[in-house]
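# Coordinates in review
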Amino acid sequence: MKKFYTYILILMTLGSSSCSENWLDLDPSTSIQTPEAIRTLEDAQSALNGIYRLASAHSYYGDNYLYYGDCRAEDVQARESKGAGRRVSPYYEYNVLASDNFNITLVWNQAYKVIRQTNNLLYYIEQGNVKTSDTQSLNRIKSEALAMRGLALYDLTRLFGMPYSYDNGASLGVPIETTITDQTHQPKRNTVAECYKQVIEDLSNSLSGLSTEKADGFLNYWAVQGLLSRVYLNKGDNESAYTAATDVIENSKQLYQLYSYEEYPNVWGKDFQSESLFEFYFSLTEPSGGSGGEGAPMVYANEAKVDWNNLILTKAYLDLLNEDPNDIRHCLTQASVISNNEGLPEAARSEKVYLTKYPGKSGDPRDNNLCIVRLSEIYLNAAEAGFKLGGDKSSKGREYLNEIVSRRTNPAKTVEAAEFTLERILKERRKELVGEGLALYDYTRNKLTIKREGGWHLNTIKDAQANSIAPNDLRLALPIPQTEIDANPNIQQNPR
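Residues numbered from 1 in each chain as written. Predicted model: local features only at pLDDT ≥ 70, side-chain atom pairs only at ≥ 80, totals over all residues. Heavy atoms only, no water.

Next up on the list: the confidence of the model for the protein chain. Summary statistics for the protein chain give a mean pLDDT of 91 and a share of 91% for residues scoring 70 or more. In the model of the protein chain, helix 10 (residues 296-299) stands out as the element of lowest mean pLDDT, 88, in contrast to helix 12 (residues 375-389), which has the highest, 99. Counting contacts from residues 1-33, a segment whose pLDDT is below 50, to residues more than four positions away or on other chains yields 95 contacts. (pLDDT = per-residue confidence, 0-100. Helix = DSSP H or I, 4+ residues; strand = E, 2+ residues; numbered from the N terminus. Contact = heavy atoms within 4.5 Å.)

So this is what it looks like as structure tokens:
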């Protein structure tokens, strides 16, 4: 935030409800600085496309934000330690430094670029700069932009602030930016509670203008309600989480359906499947960056080459799956394609430690969309919130959990009332959502200790005292970039 950019991305014009590989094609550095950039509905749509492109790129969902939540928890780990500032290792080892450009500085900057671009677009729309008779489409564009701003602020808060459950949001989060500012702007950090309030306000205010039809590659009403259920759950507002989740489950059935047992092995890597509420589109024609380059899917890749593909499954996760040999999710684990792969920890070389959720639609992991909100998560959000609320909502929550369990087992299993516990819900979340960036927050919102011992965990986590992470461990909040501390005297660093 040291520098303020007023540029608006100029990308291929895209129709309001369609998606093609062209809309992500152009270099996002293309820019101009005048309000003349956004005069028509097509200009506004192009600017919105640019916001999506920024969010899908390296240092945001195209890389760090997607795998961060998994390699900090129990089921995904680094294959080897690559040292300070190198790939996933600092996240996994809980020793990331404020000076780490790859894991801290770029991660902070990229999400704030989304916020700045969104504030530009919203300003010009609200000032009446866009001349069009199609007010419905303009309102949709405004609403999608507002939702993207809320998502970006939430993502920054969950990385750079302590969990809401730590102190009811009283500790510092990140600066809230909702207006265009100039180069002299030096904001203070808002509290986590203030950040959550703004996130919820942006997401909620976007709903009335969003489409309730499918909008592949874009946010619609159901995707944002799903995001709200996630935000509310992590805030501890179980009533609101349940309401948002059940709205999606009960009222979008004509558009989205859970994967069946038979479908499950064949949906991964394909575009816009029946559970996908919101995903970023990619193809091999993409420029370097995001999933089109050395992005998140490639970090999980099982290749005949050992390089920066550095995430594997833990023994704890495989043991969890092995509790039921007929669980269909075994299909997503795979042994190394390299015989006796010396790039793996010795104990893991004959085990199915590679996660294959990102195989690529052409067999190349770079050619893989990134799903940000999936219907299974929403069912599990409703199950957890319902359990915590009790009564009839708990009974309904168990039904939602069984919608997942019965579709992943053959013969189909169900969870009986006596087995319906928080531990059982979280176990199902581990099995279903592994590799989707959500695992860490299951522990933090429920004030559970993360235990990473045994198996083929690296010795470096013991050296870093990161084999057990308590719910009040201050390392759960990443350090604020040193560049921000140096440039802005109002920015306070996180305690360690």
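Scanning the entire structure with this criterion turns up eight cavities of 30 Å³ or more. If you trace the largest cavity, you find 17 residues lining it, with Trp-268, Gly-269, Glu-279, Asn-369 and Cys-371 closest to the centre. Of all elements in the fold, only strand 2 (276-280) and strand 6 (370-374) reach the threshold of two or more residues within the lining of the largest cavity. At three residues, the largest contribution of residues to the lining of the largest cavity is made by strand 6. (1 Å grid on protein atoms, 1.4 Å probe; cavity = no way out; pocket = protein on both sides within 12 Å on 5 of 7 lines; lining within 4 Å. Points joined across faces, edges and corners; volume = space filled by probe spheres on them.)

On to the packing of helix 8 (residues 221-235) against helix 9 (residues 238-251). Where helix 8 contacts helix 9, the two axes come as close as 8 Å, and the packing angle between them is 155 degrees. When the axis of helix 8 is compared with that of helix 9, the two are roughly antiparallel. Seen from above, helix 8 lies across helix 9 with left-handed handedness. Here Tyr-221, Trp-222, Gln-225, Gly-226, Leu-228, Ser-229, Tyr-232 and Leu-233 of helix 8 lie close against helix 9, whose contacting residues are Asn-238, Ser-240, Ala-241, Ala-244, Ala-245, Asp-247, Val-248 and Asn-251. Grouping the amino acids of the contact of helix 8 with helix 9 by side-chain chemistry returns nine nonpolar, six polar and one charged. (Axes fitted to C-alpha atoms, helices over the stretch in contact; angles between N-to-C directions. Parallel < 35°, antiparallel > 145°, perpendicular 65-115°, else oblique. Left-handed = near helix turned anticlockwise from the far one by under 90°. Nonpolar A, V, L, I, M, F, W, Y, C, P; charged D, E, K, R; others polar.)

For the rest of this paragraph, the subject is the packing of helix 1 (residues 41-56) against helix 5 (residues 135-160). Closest axis-to-axis distance for the helix 1/helix 5 pair is 10 Å, and the angle between their directions is 20 degrees. Between helix 1 and helix 5, the angle falls in the class roughly parallel. In the crossing of helix 1 with helix 5, the sense of the turn from one axis to the other is left-handed. Contacts between helix 1 and helix 5 pair Leu-41, Ala-44, Gln-45, Leu-48, Ile-51, Tyr-52 and Ala-55 from the former with Ser-137, Leu-138, Arg-140, Ile-141, Glu-144, Ala-145 and Met-148 from the latter. Looking at the contact of helix 1 with helix 5, its residues break down into 10 nonpolar, two polar and two charged.

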